[in-house]
Amino acid sequence: MNRITTLFPAAIFFFLLCVLSSSTFALQPTLHIINFGGALGHNYSPNNLNVEVGDTIVWNGDFSTYPLEPVTIPAGAQPLGPVSTGTTYTYI
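Residues numbered from 1 in each chain as written. Predicted model: local features only at pLDDT ≥ 70, side-chain atom pairs only at ≥ 80, totals over all residues. Heavy atoms only, no water.

A. A look at unusual backbone geometry. Going from S45 to P46, the amide bond is cis rather than trans, its omega being -5 degrees. Assignment of secondary structure puts P46 in the loop between β2 (44–45) and β3 (56–60). (Helix = DSSP H or I, 4+ residues; strand = E, 2+ residues; numbered from the N terminus.)

Laid out in structure tokens, this is it:
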């Protein structure tokens, strides 16, 4: 066997491993839904979550009674609120 035919199966295996690894571990954006107001009062449900860049956060509640105002926004993130009208606010 020559060197090319010996390396070809290894090269194919490495290529497939790279393709499968990148598609298997690629993170998809997540939709986070936060409810507040009504029976929850000033509480948020969930009251804690971890998000990644590209995730979508949707707040559902009465913003005229419970306005949404940012306390801190990470560097480089889009501006948020304040939101004081409506019942749904979406932030990506």
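B. Spotlight on the confidence of the model for the chain. Per-residue confidence for the chain gives a mean pLDDT of 79; residues scoring 70 or more make up 72%. For the chain, helix α1 (residues 3–25) is the element with the lowest average pLDDT, namely 54, and strand β1 (residues 31–36) is the one with the highest, namely 95. (pLDDT = per-residue confidence, 0-100.)

C. Just the sheet that holds β3, in detail. As summarised here, the arrangement of the four strands in space is β2-β1-β3-β4, forming an open sheet in which the pairing is mixed. In the strand order of this sheet, the two ends are held by β2 and β4 (88–91), each with one partner. Where β1 and β3 come together, five bridges link them in parallel fashion. Residue pairing across strands places I34 opposite W59, the latter belonging to β3. (Pairing = 2+ DSSP bridges.)

D. Region of interest: the pairing of β1. Of the two faces of β1, only the one carrying H32, I34 and F36 is buried; L31, I33 and N35 on the other face are not. Of the pairings in the sheet, the one linking β1 to β2 comprises two bridges and is antiparallel in character. Paired with F36 across the two strands is Y44, which belongs to β2. (Buried < 20%, exposed > 50% of the residue type's maximum accessible area, 1.4 Å probe, protein only.)

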